[in-house]
Amino acid sequence: MALEDYKADMERCSQCSYCKWIPLDHVKSWRFAKGCPSIAYNNFLSYSARGRFAVALSLLNSQSNYTDRVVDIVYKCVTCGSCDVSDKICRYNLEPLEMMHELRFRLVEDGQLLPQHMAVIEHLRKEDNMMMEPRAGRGDWAEELDVKHITSEQAEVVFHAGCRFSYDKDLRETARTAVTLLKNAGVDIGIMGKDESCCGGKAYDMGYKGEFVKFAENATEAWTAAGVKTVVTSCADCYHAFNRLYPPLGAKFEILHTVQYLDRLIKEGKIKFTKTVPMRVTYHDPCHLGRQGEPYVPWEGKEKKIKGQIVVYEPRKPRYNGAWGVYDPPRDVLKSIPGLELVEMERIREYAWCCGAGGGAREAYPKFSNWTATERIEEAKSTGTEAIVSACPWCERNFTDAIDTTGEKMKVFDVIELVQQAI
Amino acid sequence: MALSREAYQAFEGIVGTDNISDDPALLDSYRYPLSHTAIHIGPYYRVYTPRGEAVLLPGSAEEVQAIVRECNKYKIKFKASSTFWSAWGYPLEENTIQLDMRRMDQILEIDEKNMFAVVEPHVIGATLQAEAMKVGLNTHIHGSGSSCSCLASATSLGGLGPDTNYMGHHSENLLGAEWVMPTGDILRVGSIGSGLGWFCCDGPGPSLKGLVRGMVGMNGAMGVFTKCAIKLYPWPGPATLPVEGKPPAYKAVLPDNIRVYTLGFPAWEAWADSCYLIWEAGIGYIAHRQFNMFGRDLKGAMVKILSDPTKTLSDIEELLDDPEVQKMTEEMKRDYQIVLAGMTPRDIEWQDKALDRILETTGGWKVQGMLDPDLYNWALLYMIRLGHKNLNLVYGGGYDGCFGLGGTPDFATSGPETIPRVEEATAFKAEWEKKGNIVATGGDAMMGGIGGMGGGGHAMWESFTHFDPHDKASTEGTLEFFDAATDYGIKKGWGPGMEKMNAYARGADGRSTPKEIRERILSAAAQPEAFRYQRKIKETFNPNDLGDAYYRTLDEPEK
Ligand SMILES: Cc1cc2nc3c(=O)[nH]c(=O)nc-3n(C[C@H](O)[C@H](O)[C@H](O)COP(=O)(O)OP(=O)(O)OC[C@H]3O[C@@H](n4cnc5c(N)ncnc54)[C@H](O)[C@@H]3O)c2cc1C
Ligand code: SF4
Ligand code: SF4
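S.K.: I keep staring at helix α16 (residues 366-381) of chain A and nothing clicks. Help me out?
M.R.: Residues and elements named next belong to chain A. A rise of 1.5 Å per residue sets the reference length of α16, with its 16 residues, at 22 Å; its end C-alpha atoms lie 22 Å apart and thus fit the reference within 8%. Restricting attention to buried positions, one finds in α16 the residues Phe368, Ser369, Thr372, Ala373, Thr374, Glu375, Arg376, Ile377, Glu379 and Ala380. In the core, the buried residues of α16 are packed alongside α2 (37-42), β6 (279-283), α15 (361-364), β10 (387-390) and α17 (393-406).

Shown next as structure tokens:
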């Protein structure tokens, strides 16, 4: 699809502004009713899905040209997809998130780039990671970890650590724990270690589709060569890339997030808890695991009209609106941990507030990204819990950094860490 | 005409660099397509409201005041909007700045004992309702739904909705307002103006409610409201709506003292009689012909789709063949939805009994299919939160209303000939539907409240017409149909309908209607004197004419 293909959506957007809020049915308070971090922070209409439809249309119709402001509008969005869910409560046929991606692809094509993104992408091209770290250190996280390397040994399941877990020294223990838990539960698991590369998902979200395709093709090739059937990751961004973005390029692997695997193993009795974890926690749904975590459904078809002017698709088109994202497995895992009490925030599941790390915002707009995380910490605090738990290292990093700036007492965990504590 | 650098800097000095922009693309997100909803003129394919000179995001009444003073100094027009879902809120002319009120978004107070809330412009129906429910209260939600500004509909535009029967027209609910007048002076209208609190918009104190609000509102053409007080109503339900289900088919299971029914009637006369009896009985927390917005023939299929997360519009045709859906659709032909809210268990039993008696008297029924738990709990949540109003546009992306049969309920349901007006309008539209430019709904996609003011009285129906704003033939075909509907309404003595409601202010190019046309329209109104009087008001309160044609004034003297 090209940006032009979304002109219908741009002209059919009904200006209702639902995209700014969580689904209105779910509004429980004034404080936590907002859904879109971008407009909540920037305020001008243009910083909502509705506004981006209008700005894109203005550009396509040559009513305006690229300016610093336009570049800001296009990139200052965490690509969280909250707008997409709220939009589709009523507008079954619109695709604001897809359009916003296309808009970024177009800006990148046209050389309208953010210097902060360029630096990261430049590095990615050379060193295969989004962390501005050398390629050589990629496998360090797994040092002395007793696990197969699929480049030399066959394994049914490959664990993909992702850039953040590979390089973030504060977090990498979680990845090691994930591998150990799965291995101890009898999973035939391997890693790519130093040969692993970025999934490309973040590059895609930033608008660098070419880079994404390159990484997707390389990973697919490597996994196929190693006879991999299942890919497991503890990173929501990687999960989304493998689950939603790779299949259209031909990848055919079973994709699981660690929380899904752990949930399965706990329910099968292959992981057993021996300790209690007396703690009240709240769970944050990562956007790329939750509302954007729905499986890819192949579709090729075209629009047609019935009853005169009702727009439908031939054949029937799949709808991605967050209905079938990964919400229950992490909750079920947490609820199964003895002593642990799970208390929900107001905005959860498909209408969760974003952590602020996505879409290249953390890299290009640290203040906005940090503010978005702080908002979530505020919401977590309102539940009276002592910790916020997530299933993505990017969320954890953003929350931890936000807490560091505000001096809050809230603790941040990955689901995996709490499972480990109970064993 | 771009703002002078001096003027821009003056505005920037007031709101700060982050809260002003004149970037062309950014300004284009503040232009409203005239091929769209709630335009009530057109639709006009690929025509937009004019680009404002700048957008400002004021953060306080003082900032608004300072902006308005600068506007007077530089003779720049200004237009404030809060939630931006209607054509009324956008500039009509060049040399206009747009004020986006979203930074002023606080619920300043909920007075539980005296049952009112004080809100800023960007408080929406959903947030006020959620907060009010926590203390056993509820707010009127305007017919455009809970995404819209409470203040905009209370102070400035329209004001009726599905719950109006019980919770009043929003003009009735306005208990006071802080008004930055077009001159830049701030006036607190009503009892608040005398320092007596927010209990009455008519005083004691400056009693200008008739001037600033009236029935239709000043549509943002005469100053800016920076806060207002709104009357709240009892809510005998839970403090938080217990919403469940997968999107978009959310549902709520509520206690048994809150019930929702879809009522069907054997004839339009019976339908109208039931409205009078409902008013007499004093029941009907919410009462509205809502789901008929999908059309007489399609609504059965549509409610099935909307209450099932696996279904999409692609399921319509299959559902239309389903005998169960067909039966329900037939039962719902002459219908409305009603929510009963009992303040006590005895109250709800009494209300339900009263409703049964009304149905017995009129020969009506509770549509059985809508009592299926999935549909029931979906409809209950839908009606109470009114958070799916964008469904008006689900079919092709555009809708607007035509005809607009208003008056007592039997104005629509009876006719000078033996055919009820609603059926005449239906037959007329059904013929046009055959051309394929508008959605074939069965002719009747009329929607509206059974009580357009508190306690009943006055009902108004809008005949919804769905089209595709991306499709030239559809948009232009809709315009042709609307023009024909206007002619038909005039011929029938109903007058021009909703489809031309905005014609007095905005023209086919999205800009101010030329003065001669405006004067012609306004002088043909039933009460042109009102507009001559409003001219005098404008001269007094808005001497530099910084508003727009949405404030109806007539220069032409009486002939
Ligand atoms: C789908 C749909 C359904 C509708 N159904 C109904 C209905 O059932 N009943 C009905 O009465 N109307 C209805 N309307 C029209 C309706 O009155 C307005 O759309 C409504 O008031 C809501 O909000 P808005 O987002 O348009 O408000 P806004 O865009 O904020 O503005 C509405 C008007 O108020 C003015 N305004 C807003 N804020 C201020 C302020 N702070 N100071 C001064 N002026 C201000 C604006 O200039 C504009 O003229 C409907 C509209 C739509 C789009
Ligand atoms: S993706 Fe998220 S931040 Fe971006 S416009 Fe949508 S809701 Fe806002
Ligand atoms: S929710 Fe969808 S239709 Fe409504 S304004 Fe946003 S993008 Fe447009």
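S.K.: Sorry if this is basic, but what is going on with the layout of surface pockets here?
M.R.: Gaps left between atoms are located by rolling a probe of water-molecule size over the structure's atoms. Residues and elements named next belong to chain A. In this structure, the second largest pocket spans a volume of roughly 1,100 Å³. Around the second largest pocket, the lining comprises 42 residues; the ones closest to its centre are Met1, Tyr6, Glu98, Tyr204 and Tyr320. Contributions of two or more residues to the lining of the second largest pocket are made by α1 (7-12), α5 (82-87), α6 (96-109), α11 (209-225), α12 (236-245) and β7 (302-306). For the lining of the second largest pocket, the element with the most residues is α6, which contributes 5 residues. Taken together, the residues of the lining of the second largest pocket break down into 19 nonpolar, 8 polar and 15 charged.

S.K.: In this structure, what is going on with the sheet that holds strand β1 (residues 20-21) of chain B? I would like to understand it.
M.R.: Pairing between the strands of a sheet is mediated by backbone hydrogen bonds and can be parallel or antiparallel. Reading across from one edge, β1-β2-β4-β3 (chain B) is the order of the 4 strands in this open sheet, with mixed pairing throughout. Single-partner strands in this sheet number two, and they are β1 and β3 (77-81) of chain B.

S.K.: Would you take a moment to explain the packing of helix α9 (residues 172-184) of chain A against helix α13 (residues 258-267) of chain A for this structure?
M.R.: Each pair of packed helices can be described by the angle between their axes along with the distance between the axes. Residue and element names in this part refer to chain A. α13 packs onto α9 with a crossing angle of 30 degrees between their chain directions and a minimal axis gap of 11 Å. Between α9 and α13, the crossing angle belongs to the class labelled roughly parallel. Two packed elements cross with a definite hand, and for α9 against α13 that hand is left-handed. Along its contact with α9, which presents Ala178, Leu181 and Leu182, the element α13 presents Thr258, Tyr261, Leu262 and Leu265. Looking at side-chain class alone, the contact of α9 with α13 contains 6 nonpolar, 1 polar and no charged residues.

S.K.: What should I look at first to understand the site of ligand 2 in this one?
M.R.: Residues and elements named next belong to chain A. Around ligand 2, the neighbouring residues are Cys36, Pro37, Ser38, Arg52, Cys77, Val78, Thr79, Cys80, Gly81, Ser82, Cys83 and Met100. Where the shell around ligand 2 is concerned, the elements lending two or more residues are α2 and α5. When the residues that make up the shell around ligand 2 are grouped by side-chain class, the tally is 7 nonpolar, 4 polar and 1 charged.

S.K.: Could you clarify how one ought to interpret the site of ligand 3 in this entry?
M.R.: Not every one of the 13 residues close to ligand 3 is listed here, only the nearest: A:Cys13, A:Cys16, A:Ser17, A:Cys19 and A:Asp87. Ligand 3 sits at the junction of chains A and B, each of which supplies nearby residues. Taken together, the residues of the shell around ligand 3 sort by class into 6 nonpolar, 4 polar and 3 charged.

S.K.: Would you mind showing me how to read the environment of A:Leu59 here?
M.R.: Within the element layout of this structure, A:Leu59 appears in helix α3 (residues 49-60). Distance from A:Leu59 to A:Leu103, taken between C-alpha atoms, is 10.0 Å for residues 44 residues apart in sequence.

S.K.: What is the right way to look at the side chain of B:His288 in this model?
M.R.: Residues and elements named next belong to chain B. On the secondary structure map, histidine 288 appears in strand β15 (residues 286-289). On the basis of relative accessible area, histidine 288 is assigned to the buried category, the value being 7%. Within polar-contact distance, the side chain of histidine 288 engages the backbone nitrogen of glycine 449 at 3.4 Å. Excluding anything up to four places from it in sequence, histidine 288 contacts Gly161, Pro162, Tyr336, Gln337, Met383, Met447, Gly448, Gly449 and Ile450.

S.K.: Looking at this model, I keep getting lost on the side chain of A:Arg376. Mind explaining?
M.R.: All names here are of chain A. By the element assignment, arginine 376 lies in helix α16. Engagement of the side chain of arginine 376 in a polar contact is seen with the backbone oxygen of arginine 347, the distance being 2.9 Å. Not counting residues up to four positions away in its chain, the partners in contact with arginine 376 are Tyr283, His284, Asp285, Met345, Arg347, Ala352, Trp353, Cys354, Ile388 and Phe399.

S.K.: What's the story with the domain arrangement of chain B in this structure? I'm lost.
M.R.: Accessible area lost on assembly of the parts is the figure often given for the size of an interface. All names here are of chain B. You can read the domains of chain B as domain 1 (5-100), domain 2 (107-234), domain 3 (243-493) and domain 4 (501-559). Summarising the inter-unit geometry, the C-alpha centres of domain 2 and domain 3 are found 28 Å apart. Across the boundary between the two partners, domain 2 contributes 23 residues, which contact 22 residues of domain 3. Between domain 2 and domain 3 the total buried area reaches about 1,600 Å² when both faces are included, carbon and sulfur atoms providing 55% of it.

S.K.: I'm lost on the pattern of salt bridges in this one. Help?
M.R.: Two side chains that carry opposite charge are able to pair once their charged atoms sit near each other. Residue and element names in this part refer to chain A. Inspection of the entire model under this criterion finds 76 salt bridges over all chains. With its nearest N and O atoms 3.8 Å apart, the salt bridge here joins glutamate 173 to arginine 176. Of this pair, glutamate 173 and arginine 176 both sit in helix α9, separated by 3 residues, roughly a single helical turn. Salt-bridge contacts for glutamate 378 lead to lysine 381; the nearest nitrogen and oxygen are separated by 3.3 Å. Pair noted here: glutamate 378 and lysine 381 are both in helix α16, with a separation of 3 residues, about one helical turn. Put simply, Arg164, Asp168, Asp170, Arg362, Arg397 and Asp401 are held in one network by salt bridges that share partners.

S.K.: Please explain the nonpolar core as it appears in this structure.
M.R.: One recurring pattern in soluble globular proteins: nonpolar side chains tend to sit buried together. The biggest cluster of nonpolar side chains holds 266 residues, and the ones touching the most others in it are A:Phe159, A:Trp223, A:Tyr246, A:Leu418, B:Trp179 and B:Ile316. Of the residues forming this core, the biggest block, 9 residues, is contributed by helix α14 (residues 373-385) of chain B. Every residue in contact with A:Trp223, bar those within four places of it in the chain, is listed here: A:Ile150, A:Val158, A:His160, A:Met192, A:Val228, A:Val231, A:Phe242, A:Tyr246 and A:Phe253. In terms of nonpolar packing, the next biggest core, distinct from the first, is built from 38 residues, B:Ala272, B:Ala412, B:Ile450 and B:Ala484 among them.

S.K.: How should the sheet that holds strand β5 (residues 107-111) of chain B be read in this particular structure?
M.R.: All names here are of chain B. With respect to topology, 5 strands assemble into an open sheet ordered β5-β6-β10-β8-β9, the strand pairing being antiparallel. Either end of the sheet is taken by a strand with one partner, and the two such strands are β5 and β9 (186-189). For this sheet the average axis-to-axis angle between neighbouring strands, irrespective of direction, equals 10 degrees. By the bridge criterion, 6 bridges tie strand β8 (residues 174-180) to strand β10 (residues 224-231) in an arrangement that is antiparallel. Bridge pairing links valine 180 to valine 224 in β10. Contacting β5 and β6 (116-119), helix α4 (residues 125-133) runs over the sheet at an angle of about 35 degrees to β5.

S.K.: What am I meant to see in the pairing of β9(B) here?
M.R.: Side-chain positions along a regular strand alternate between the two faces of the sheet. A one-sided burial pattern is seen for β9(B), the buried positions being B:Leu187 and B:Val189 and the unburied ones B:Ile186 and B:Arg188. Once β8(B) ends, the chain turns through 5 residues before running back antiparallel as β9(B), passing B:Gly184 with a positive phi of about 100 degrees.

S.K.: Would you mind showing me how to read the confidence of the model for chain B here?
M.R.: It should be kept in mind that the predicted coordinates are not to be read in detail where pLDDT is low. In this model, chain B carries an average pLDDT of 95, and 99% of its residues clear a pLDDT of 70 or more. Note on the complex model: pTM 0.98, ipTM 0.97.

Procedures and definitions
- Residues numbered from 1 in each chain as written.
- Chains lettered and ligands numbered in written order.
- Predicted model: local features only at pLDDT ≥ 70, side-chain atom pairs only at ≥ 80, totals over all residues.
- Heavy atoms only, no water.
- Helix = DSSP H or I, 4+ residues; strand = E, 2+ residues; numbered from the N terminus.
- Expected span 1.5 Å × (residues − 1).
- Buried < 20%, exposed > 50% of the residue type's maximum accessible area, 1.4 Å probe, protein only.
- Contact = heavy atoms within 4.5 Å.
- 1 Å grid on protein atoms, 1.4 Å probe; cavity = no way out; pocket = protein on both sides within 12 Å on 5 of 7 lines; lining within 4 Å.
- Points joined across faces, edges and corners; volume = space filled by probe spheres on them.
- Nonpolar A, V, L, I, M, F, W, Y, C, P; charged D, E, K, R; others polar.
- Pairing = 2+ DSSP bridges.
- Axes fitted to C-alpha atoms, helices over the stretch in contact; angles between N-to-C directions.
- Parallel < 35°, antiparallel > 145°, perpendicular 65-115°, else oblique.
- Left-handed = near helix turned anticlockwise from the far one by under 90°.
- Near = heavy atom within 4 Å.
- Polar contact = N/O pair within 3.5 Å; in protein donor to acceptor, adjacent residues only side chain to side chain.
- Domains from an automatic or database assignment.
- Buried area = accessible area lost by both parts, 1.4 Å probe.
- Salt bridge = Lys/Arg side-chain N within 4 Å of Asp/Glu carboxyl O.
- Core = buried A, V, L, I, M, F, W, Y, C linked by side-chain atoms within 4.5 Å.
- pLDDT = per-residue confidence, 0-100.

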